[in-house]
Amino acid sequence: MGAERLIAIATDRDIVTAREEGRELASTLNFSPSDLTVIAVAISEVTRNILMYAGQGEVSLCLVDKGSRRGIAVVARDHGPGIENVALALEDGYSTSGGLGLGLPGARRLVDEFDIRSAPGNGTTVTLRKWER
Amino acid sequence: MLVPILKQGDYLIASIQSALTDTDLLSLRDDLVGQVGHYRSRGVIIDVTVLDVMDSFAVRMLSTLAQMITLRGAETVIVGIQPDVAFAMVQLGLTLGGVATALDLEEGLAYLNARAKKGKAGGR
């Protein structure tokens, strides 16, 4: 459903572009204004992770459906060092970068579906989905 | 995007005009911390009304900024956090710690004025 928007992430300006495009794409569905903000924040967190840990990568945004439900899927992909301990990276307050450690666990709380695939040396792919109410 | 900083009496007012990158947030922090000394300001107001996103980086930068301003002997008030932004911050688990917040610029100025009066009356 709908075309995919692919945004390369290489500078902090790209984080802003990605979350603005995500908000714009999601606003074509029936999301509430707070859901749109939540989607933009989640995109901000996962794209910043790309920049901080892998240096570069990409994020894909597309509209999806499941039965009669419509939503937005965000896939953040990088070929960086990967995450050694995914369970730990999803714990509140855990960070290897001196950040707040709320990026990944926070993004998980903001969306309906969250999937992360990562292995040391093999990059990281984070998939988020948020459905219309 | 440069954030204009206005000097009004004893206060500095940083009025954010558009979405900020991480780099913009870092320069805002450094500019304000520098200008507080330059103008011998007693208070700083950061107006975030136009921000439609405050993520963990923005919140961390604003908290750090407020702490640095405190160490420079002035006070910080963040004004204009939008309802949807507040909602997303709470969902994400972000708080602004001990940083003062106010509804809008007017309330922010009133807060700083009240604090200044209290300071002059002796004791905090």
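In the block above lies the structure referred to throughout.
First things first, this report covers the structure right here in the doc. Computed from a predicted structure; not experimentally measured.

1. Considerations on the nonpolar core
Phase 1 of the analysis: By size, the foremost hydrophobic cluster in this structure holds 68 residues, and its most contacted members are A:Phe114, B:Leu32 and B:Ile46.
Phase 2 of the analysis: The element best represented in this core is helix α2 (residues 33-54) of chain A, accounting for nine residues.
Phase 3 of the analysis: What A:Phe114 contacts, discounting residues up to four positions off in sequence, is A:Leu90, A:Leu104, A:Ala107, A:Arg108, A:Val126, A:Thr127 and A:Leu128.
Phase 4 of the analysis: Among the nonpolar cores identified, the runner-up in size contains nine residues, and B:Tyr11, B:Ile13, B:Ile45 and B:Ala100 belong to it.

2. Some thoughts on the packing of helix α4 (residues 103-110) of chain A against helix α3 (residues 83-92) of chain B
A pair of packed helices is characterised by two quantities: the angle between their axes and the separation of those axes.
Phase 1 of the analysis: Running from amino to carboxyl end, α4(A) crosses α3(B) at an angle of 115°, the nearest separation of the two axes being 8 Å. Note on element contacts: α3(B) touches α4(A) through B:Ala88, B:Gln91 and B:Leu92, opposite A:Gly106, A:Ala107, A:Arg109 and A:Leu110.

3. As for the pairing of strand β5 (residues 124-131) of chain A
Residue and element names in this part refer to chain A.
Phase 1 of the analysis: Counting buried positions along β5 yields six of eight residues, so the element is predominantly enclosed.
Phase 2 of the analysis: Two elements, strand β3 (residues 69-78) and β5, share eight bridges in a ladder whose sense is antiparallel. Bridging from a neighbouring strand, Gly71 pairs with Trp131 of β5.
Phase 3 of the analysis: Pairing of strand β4 (residues 113-118) with β5 involves six bridges; the strand directions are antiparallel.

4. Comments concerning the sheet that holds strand β2 (residues 11-15) of chain B
Strand pairing in a sheet relies on backbone hydrogen bonds, with the paired strands running either antiparallel or parallel.
All names here are of chain B.
Phase 1 of the analysis: Taken in spatial order, the five strands of this open sheet run β1-β2-β3-β4-β5, and their pairing is mixed. Only two strands of the sheet have a single neighbouring strand rather than two, namely β1 (5-8) and β5 (100-102). Each adjacent strand pair in this sheet contributes to an overall mean axis angle of 25°, direction not counted.
Phase 2 of the analysis: As defined by bridge partners, β1 adjoins β2 across four bridges and the pair is classed as antiparallel. Residue pairing in the sheet places Lys7 in a bridge with Leu12 of β2.
Phase 3 of the analysis: Contacts between helix α2 (residues 56-71) and the sheet are confined to β3 (43-47) and β4 (75-79), with β4 contributing the most and set at about 150° to the helix.
Phase 4 of the analysis: Sheet contacts for helix α4 (residues 105-120): β2, β3, β4 and β5; angle to β4, the most-contacted strand, approximately 160°.

5. Quick look at the sheet that holds β3(A)
All names here are of chain A.
Phase 1 of the analysis: One open sheet holds the five strands; their spatial order is β1-β2-β3-β5-β4, and the pairing between them is antiparallel. If you trace the sheet from one side to the other, it starts and ends with β1 (5-9) and β4, each paired once. In this sheet, neighbouring strand axes are inclined to one another by 15° on average, regardless of whether the strands run parallel or antiparallel.
Phase 2 of the analysis: Relative to β3, strand β2 (residues 57-66) runs antiparallel, the two sharing ten bridges.

About the thresholds
- Residues numbered from 1 in each chain as written.
- Chains lettered and ligands numbered in written order.
- Predicted model: local features only at pLDDT ≥ 70, side-chain atom pairs only at ≥ 80, totals over all residues.
- Heavy atoms only, no water.
- Core = buried A, V, L, I, M, F, W, Y, C linked by side-chain atoms within 4.5 Å.
- Buried < 20%, exposed > 50% of the residue type's maximum accessible area, 1.4 Å probe, protein only.
- Helix = DSSP H or I, 4+ residues; strand = E, 2+ residues; numbered from the N terminus.
- Contact = heavy atoms within 4.5 Å.
- Axes fitted to C-alpha atoms, helices over the stretch in contact; angles between N-to-C directions.
- Pairing = 2+ DSSP bridges.

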